[in-house]
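Structural overview for review
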Amino acid sequence: MTTDRRDASLTALIAIAIPEPLRAHLYAHARRSFPAECCGYLTGAAANTVDGMIECRNAHTDGLHPTTPDRGEESAFVIGGRELIAFARSFDTSSPARVVYHSHTNGRAYFSSVDREVATVDNQPTYPVQHLVIGLDQDRVIEAAQFAWNDTEWIEVARWQVE
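Criteria and cut-off values
Residues numbered from 1 in each chain as written. Predicted model: local features only at pLDDT ≥ 70, side-chain atom pairs only at ≥ 80, totals over all residues. Heavy atoms only, no water. pLDDT = per-residue confidence, 0-100. Contact = heavy atoms within 4.5 Å. Helix = DSSP H or I, 4+ residues; strand = E, 2+ residues; numbered from the N terminus. Buried < 20%, exposed > 50% of the residue type's maximum accessible area, 1.4 Å probe, protein only. Polar contact = N/O pair within 3.5 Å; in protein donor to acceptor, adjacent residues only side chain to side chain. Salt bridge = Lys/Arg side-chain N within 4 Å of Asp/Glu carboxyl O.

Mean pLDDT over the protein: 87, with 84% of residues reaching 70 or higher. In the model, residues 1-11 has pLDDT below 50 throughout and makes 18 contacts with residues more than four positions away in sequence or in other chains.

This is the structure we're talking about:
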């Protein structure tokens, strides 16, 4: 089930479509990675949908988090090294990154203050992508939520109750 949370004044702000089979792969990645946060990105040739998934290694264990290096991989994620370079280079391809995803292992799908800080530079998105957060606990994936930039802040544009 999806709930569209667009405000009428933000009609141009639409969630990039993530087909259900692709969401199932995202949820499986989150389950495999637990208790660490998973991370990766979704690609697509069309601006309004995605059809590819790139799983990344959570490089937070290497101490690479730009704002909270003291947190563990169960509460932070970093796409680093060659995977970050491939992500950045994807913007020059016919199927660029459209959505960055990661999981929260406390069962809640929300865009945390740290997520917002890392996703924003000089009051603009760090990269031209939306964000998807998967909330799971040790037993199951509970929910997922998608966030987009509305010219001033990150707002929720879609939500799924999973299990």
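Having seen the model, we can carry on.
Once that is clear, we can look at the side chain of R159. As for its position among the elements, R159 is in strand 9 (residues 154-161). What makes R159 buried here is its relative accessible area of 13%. Among the polar contacts listed, one links the side chain of R159 to the backbone oxygen of A109, at a separation of 2.8 Å. One polar contact links R159 to E156, side chain to side chain, over a distance of 2.9 Å.

As a further point, take unusual backbone geometry. The omega angle of the peptide bond from F34 to P35 is 15°, so this bond is cis rather than trans. In this fold, P35 is placed in the loop between helix 1 (20-33) and strand 2 (39-43). Positive phi is not limited to glycine here, since N123 has a value of about 60°. Its location among the elements puts N123 in the loop between strand 5 (120-121) and strand 6 (124-125). On the basis of relative accessible area, N123 is assigned to the exposed category, the value being 63%.

What follows concerns the environment of V162. Structurally, V162 is set in the segment after strand 9. Residue class for V162 comes out partly exposed when judged on its relative accessible area of 27%. Placed 139 residues apart in sequence, V162 and R23 show a C-alpha to C-alpha distance of 9.8 Å. Each residue touching V162, except ones within four places of it in the same chain, is listed here: Y27, V141, I142, E143 and A144.

What follows deals with the pattern of salt bridges. Counting across every chain of the model gives 3 salt bridges. A salt bridge links R32 to E55; its shortest N-O distance comes to 2.5 Å. Placement of the pair is R32 in helix 1 and E55 in strand 3 (residues 52-56), with a sequence separation of 23 residues. Residue R32 is classed as exposed on the basis of its relative accessible area of 53%. With a relative accessible area of 39%, E55 lands in the partly exposed category. Taken together, the shared-partner salt bridges connect E143, E156 and R159 into one network.

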